[in-house]
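Take a look at the letters that make up each chain.
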Amino acid sequence: MESIPLSARQRQVLAFIREATTRDARPPTLREIAAALGFPSHSSAQACVASLVNKGALERTPRHRGLRLVDDDWPVPTGSGFRLPLVGRVAAGAPLLAQENIERQVEVDAALFRPRADYLLRVVGLSMRDAGILDGDLIAVHRDARAENGQIVVARIDDEVTVKQFQRQRGRVRLLPANPDFAPIEIDAHSGVELAIEGRCVGVIRSF
């Protein structure tokens, strides 16, 4: 949704619609949006949704709960499954879900990953081999800027993206490979290196 200027509140509404649709296999009602996000009234939520429709971020369909996310970067229900964007070669400095990074949409079973997957990322290299993640595999990623020790994460280091096991120790982050042929990546809080957690791995789809 890079080309559509949205307020923080509008982005919050879109995120809630996505999460509710993924969880319940149907979009939320306006009253559910108002209750969940603390709008002062049903009409306030309705006005925000109408603005999103006018901007082209949402579509209305002629049925109850008739809200649909327009942007293909969001998971889209398709029958019993979802279409997830498959991210291929990542452009330096660009968001993972920038259009130029998306190879195609892949349909998966909606119940396959917990928590939900937001996108698939193609793995390059064997640094996570002993964790069962091989070159060419697709990992399912749940978008989350937070990480706990031991979780396998997608991390952006300056302009590079990597998949590693997360570990934080005394103000320092270590990104650990699962292959003795590769060295850990260590990032000190005062090093000037920009580290961002893009998400965490919630599953692997083996590529044959």
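Just so it is clear, the structure is predicted and the values come from calculations on it, not from any experiment.

Quick notes on the rules
Residues numbered from 1 in each chain as written. Predicted model: local features only at pLDDT ≥ 70, side-chain atom pairs only at ≥ 80, totals over all residues. Heavy atoms only, no water. Helix = DSSP H or I, 4+ residues; strand = E, 2+ residues; numbered from the N terminus. Buried < 20%, exposed > 50% of the residue type's maximum accessible area, 1.4 Å probe, protein only. Contact = heavy atoms within 4.5 Å. Areas by Shrake-Rupley, 256 points an atom, 1.4 Å probe, with all protein chains shown as cover. Core = buried A, V, L, I, M, F, W, Y, C linked by side-chain atoms within 4.5 Å. Phe/Tyr/Trp six-rings, centres within 6.5 Å; stacked < 30°, edge-to-face > 60°. Lys NZ or Arg CZ within 6 Å of the ring centre and 35° of its normal. Axes fitted to C-alpha atoms, helices over the stretch in contact; angles between N-to-C directions. Left-handed = near helix turned anticlockwise from the far one by under 90°. Nonpolar A, V, L, I, M, F, W, Y, C, P; charged D, E, K, R; others polar. Patch = residues over 30% accessible without salt bridge, like charges linked within 9 Å, V, L, I, M, F, W, Y side chains within 5 Å. Salt bridge = Lys/Arg side-chain N within 4 Å of Asp/Glu carboxyl O. Lys, Arg positive; Asp, Glu negative; His and termini not counted. Charge placed at Lys NZ, Arg CZ, Asp CG, Glu CD. pLDDT = per-residue confidence, 0-100.

Before going further, it helps to examine the overall build of the protein chain. Scanning the protein chain for helices and strands turns up three helices and 12 strands. Counting every position in the protein chain, which comprises 208 residues, the buried fraction comes to 45%. Taking the intrachain contacts of the protein chain between residues at least 6 apart in sequence as the baseline, contacts between residues at least 24 apart amount to 53%. On the protein chain, roughly 11200 Å² of surface is accessible, and the fraction owed to carbon and sulfur atoms is 49%.

Our focus in this paragraph is the nonpolar core. Val13, Ile33 and Phe39 are the most contacted members of the largest nonpolar core, which totals 19 residues. Of all the secondary structure elements, the ones that give two or more residues to this core are α1 (8-24), α2 (30-37), α3 (42-55) and β2 (67-69). Sorting elements by how many residues they give to this core places α1 first, with five residues. The residues touching Val13, leaving out its near neighbours within four places in the chain, are Ile33, Leu37, Phe39, Cys48, Val49 and Leu52. Counting 15 residues, the second largest nonpolar core, distinct from the first, contains Leu97, Met128, Ile133 and Val154.

So, about the environment of Ala35. Structurally, the position occupied by Ala35 is in helix α2. When the C-alpha positions of Ala35 and Ala45 are compared, they lie 9.2 Å apart, and in sequence the two are 10 residues distant.

Next up on the list: the packing of aromatic side chains. One pass over the structure, following the stated rule, counts zero aromatic pairs. One cation-aromatic arrangement involves Arg9 over Phe39; the distance from NZ or CZ to the ring centre is 4.0 Å.

Relative to the helices and strands, Ala189 is located in the loop between β11 (185-188) and β12 (195-205). Owing to a relative accessible area of 59%, Ala189 belongs among the exposed residues under this scheme. C-alpha separation for the pair Ala189 and Val173, spaced 16 residues apart in sequence, amounts to 7.9 Å.

We now examine the packing of α1 against α2. Remark: α1 packs on α2, axes separated minimally by 11 Å, with the N-to-C direction vectors making an angle of 115°. Once α1 is placed against α2, the crossing between them reads as right-handed. Together, Arg9, Gln12, Val13, Phe16 and Ile17 of α1 and Glu32, Ile33, Ala36 and Leu37 of α2 make up the contact between the two elements. Considered class by class, the residues forming the contact of α1 with α2 number six nonpolar, one polar and two charged.

As a further point, take a negative patch on the surface. Side chains of Asp158, Asp159, Glu160 and Glu194 sit close together on the surface and give a patch of like negative charge. Structurally, Asp158 is set in the loop between β8 (152-157) and β9 (160-169).

This brings us to the confidence of the model for the protein chain. For the protein chain, per-residue confidence averages 82 on the pLDDT scale, and residues scoring 70 or more make up 85% of the total. When pLDDT is averaged over each element of the protein chain, strand β10 (residues 172-176) comes out on top at 93 and strand β3 (residues 76-78) at the bottom at 52.

This part covers unusual backbone geometry. Excluding glycine, a negative phi dihedral is what most residues carry, and trans is how most peptide bonds are arranged. Backbone torsion omega between Arg114 and Pro115 reads -5°, so that peptide bond is classified as cis. Note that Pro115 resides in the loop between β5 (102-109) and β6 (119-122). The phi torsion at Arg170 lies on the positive side, around 50°, for a residue other than glycine. Inspection of the secondary structure assignment puts Arg170 in the loop between β9 and β10.

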